[in-house]
Every structure is written in C-alpha cells, then in structure tokens.
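Tertiary structure, described
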Amino acid sequence: MLGPNATMLNTTAEDIFLYPGANTSSLPPPATLTSLLASLLPSLDYSQLLYQPQCPGWVPLNHVYYQVSNLFLLLSSMAPNSPGGFLFLRAMLVVSSSFCTVWGCHVACGVDITGWSSILAVVNMAWCVQTVWRGRTVSLSQEMEGVYQQIFQHLKVTRRQFKTLLSVSKEIRKLSPKERVIEEKLSRVDSLSLVLTGRLLVSQAGRALHLVTQNQFLDSPEWFGVTTDEYFQVTVTALEECSILVWHRDKIKLEIMEDAHLHAVLDHVVGRDVVRKLMQVHNINEELNLSRSVPESSDNLSIGEDKEDYDDKKPMIAKDSSLLTTIIGGDLSNWRLGNIRETEDETIV
C-alpha cells in the first residue's frame, strides 16, 4: 500500500500509465476516466486511481488505527445468529468503521478512505439504534399485564407481539348487569372479545349453555370457520359489571398473518377456550338430565335413605325451564354450577 507521500504531483493522465514499473499492457486507454473525473472534481488528485504497479516488496505496517479497525472487523464476523448477535455485529462494524475513518483522515490522508468509512459507520450506527429501539421494554397497563401473564407469556409470546395484538383492538367495552352484548340471530360475527373482568352467561333460545369468566373469550366458537357475514346463534348477557376487550376479526386476522408464531398461539388459545366451553355445556346437560330423572317427592325415597341425604344428592342447578329466569332475574345467590370450574385447570401445552 502506498503512503500519503507517494502521491505523484503534476502528473497527467498519460503519465499515470507510463509510471515506472507499471504493467501498461493490461490497462485501458488512459485519458478517458481520469479526464472525466478531473472535469467533475478538479480539486482532487487522481494520479493513483488507475495506477497498478508491480509489487517490488512489502511496505511497512500501517498505523495502529488501521490494525484496530480490522481487529473489530474480525470480531464482527464472530457474531452469533440471534437478535443479540445482530446487535453485536452492527456494534463491531461501527467501531471498525470509526477507527478506519480516523486512520483515513489523520494518517492515510485519503478522502476516499475517510468518506467510505464514515458512510459505513453511519449506516451501521443507524442499524444499532433501530435494534435497540425495537428491543426496548414494552410497558403495559396493569390490566393488560395480567392478561399477558395469564394467557400469552408461557406460550413464548413477547410483550412486543402482545402489544401488536393490542394495537388492532377495537375498544374496551364496559357492561352493566343484565346488559346483552350479543343478540341471538341479530348480532354479526365481526369481532373477537376477551373478558377482562366479570361473568357473562351464554344462552340459546332461552336455555343456558355456559358461563364466560375472566380471561376467556366470548365468541371463540365462531373464530373457526365462521365468516363476518353470518350471525351469532347465541345470546350473551352480563351477570355483573364486566369489561371486555374487543377486536375486529378481519383486522386481527390480517395482523397475525405476518407472524406465524403469533398466529399459531392465538389459534391455540382460542381453541382451548372452545374445548372449555364444550365441557361446560356437556356438564350442564348431564346435570339437567339427572335433575329430570330424580324423583321430586319424598314418597319415592329409597329405603333407609332420609330426606337430608336426598337433598345432598340433588344437582345444584335450576331446572331448564327456570334456569335462565333465575339467573337474569338477579337471584344469583341461589344458583351455581356444581360440576363446572370457572378456573383453568388444563395442562398447559
């Protein structure tokens, strides 16, 4: 490599290709490129632009700035394939380009070295800033933090991915007791709703089907295979003051299409919710059938069985004909589901 003092002064384009020791047989016609550049930027020295001498021997080692620059360039090539490794790669390139810029400006005195190194340093610095900005801690409200920890965190969903889901949410809707959020055959299937607080009852044709409680979806069965042009076949009524997080179905489906992991997780969570609802419906049907089969009068008691034992064996659920009226009418203290657990007890997959 030629030092800064090896630059030829007062040299024409023809002299460059007649420089002693140059291999002139392999070079293009001399005056075209250098003349063009000289007309564009006449203040720069183009004497070594096309100079290709035969190497007579090794030149002295370059300045320590040049050595450190290449050392950090070597370290950048050892970055692992991970988000942290990407940041490490860019950081090492910033340091390497910075040292190369200092070397080109103060030692080699080369405007091209300084210019290219500066551009590389700026570009890699921009990547570092963007990576740090995207990896910053995402803050969530206390209510949303609870939803994230209970439903999504153990499924390896990052806070940033969960924030993406929240960014396409429609609203957080507040409900008062006995308010209907979904009307059977009147409400369109155009949303996905998650219960944040409170309890709601799902019924069909005046018959109670199941409860929906905190961190459960109102309309998970309609998530699979139902279009937004169809109508709900159930009615959902708030039993107490509730708040629900509402997404627009089309928007959230469009958003998760770009993230395969998030798409799979949401389908998994909603699918588990559907299974939970089917189990509740099955349990209610069993209790209703048992209620019809058990004799009502004490005359039909088995021999040796007293009235007290018989009352203990009766299912703790109202009859089908009066169940919905009992619940919606406000007499909630006398009604409970004996075999339905409102807390999640499935094995986490």
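Located above this text is the structure these notes cover.
Every residue gets a number counted from 1 within its own chain, in the order that chain's sequence is written. Per-residue local features are limited, in this predicted model, to residues with pLDDT of at least 70; the limit for side-chain atom pairs, both in listing and counting, is 80 or more; totals at the level of whole chains, interfaces and linings are taken over all residues. As a rule here, side-chain values come from all non-hydrogen atoms in the structure, and water together with hydrogens is ignored.

Only strands joined by at least two bridges in the DSSP assignment are considered to pair. Secondary structure elements follow DSSP: runs of H or I no shorter than four residues count as helices, runs of E no shorter than two count as strands, and numbering proceeds from the N terminus. Pairing within the open sheet is antiparallel, and its four strands lie in the order β2-β6-β4-β5. Both edges of this open sheet fall to β2 (180–182) and β5 (207–212), since each of them pairs with a single strand only. With strand direction ignored, the average angle separating the axes of adjacent strands in the sheet is 30°. Summarising the sheet, β2 and strand β6 (residues 235–238) pair through two bridges and their orientation is antiparallel. Considered in β6, the bridge of Arg180 is made with Thr237. The axes are straight lines fitted to the C-alpha atoms, using for helices just the contacting stretch, and the angles between their N-to-C directions are given from 0 to 180°.

Any pair of Phe, Tyr and Trp rings, taking the six-membered ring for Trp, is counted once the centres come within 6.5 Å. Such a pair is stacked with planes under 30 degrees apart, edge-to-face with planes over 60 apart, and tilted for the rest. Using the criterion set out here, one finds six aromatic pairs in the structure. When the centroid spacing of 4.8 Å and the interplanar angle of 50° are considered together, the rings of Tyr66 and Trp103 count as tilted. Here Tyr66, found in helix α3 (residues 64–76), pairs with Trp103, found in helix α4 (residues 83–106); they are 37 residues apart in sequence, far enough to count as distant. Among the residues examined, Trp103 registers a relative accessible area of 4% and is labelled buried. For the ring pair Phe72 and Phe99, a centre distance of 6.1 Å and an interplane angle of 10° mean the geometry is stacked. With a gap of 27 residues between them, Phe72 in helix α3 and Phe99 in helix α4 connect regions that are remote in the sequence. Here a set of aromatic residues connected by ring pairs shows up, and it is made of Tyr65, Phe72 and Phe99. Partly exposed residues are those whose accessible area sits between 20% and 50% of the maximum for their type, while under 20% is buried and over 50% is exposed, using a 1.4 Å probe and protein chains only.

Moving on: the pattern of salt bridges. The working definition used for a salt bridge is a side-chain nitrogen of Lys or Arg within 4 Å of a carboxyl oxygen of Asp or Glu. Here the structure, examined in full by the defined rule, presents six salt bridges. Across the pair Arg159 and Glu145 runs a salt bridge whose closest N-O atoms are separated by 2.3 Å. Of this pair, Arg159 sits in helix α7 (residues 159–167) while Glu145 sits in helix α6 (residues 142–152), placing them 14 residues apart in sequence. Exposure remark for Arg159: the relative accessible area of 26% places this residue in the partly exposed category. Residue classification places Glu145 among the buried residues on the basis of a relative accessible area of 17%. When the shortest N-O distance is used, the salt bridge between Arg180 and Glu183 registers 3.4 Å. A residue is classified by how much of its surface remains accessible, and Arg180, at 48% relative accessible area, is partly exposed. You can call Glu183 partly exposed: its relative accessible area is 27%.

Most of strand β3 (residues 191–197) sits out of view: six of its seven residues are buried. The sheet contact formed by β3 and strand β7 (residues 242–248) spans six bridges and is antiparallel. Bridging across to β7, Thr197 finds its partner in Ser243.

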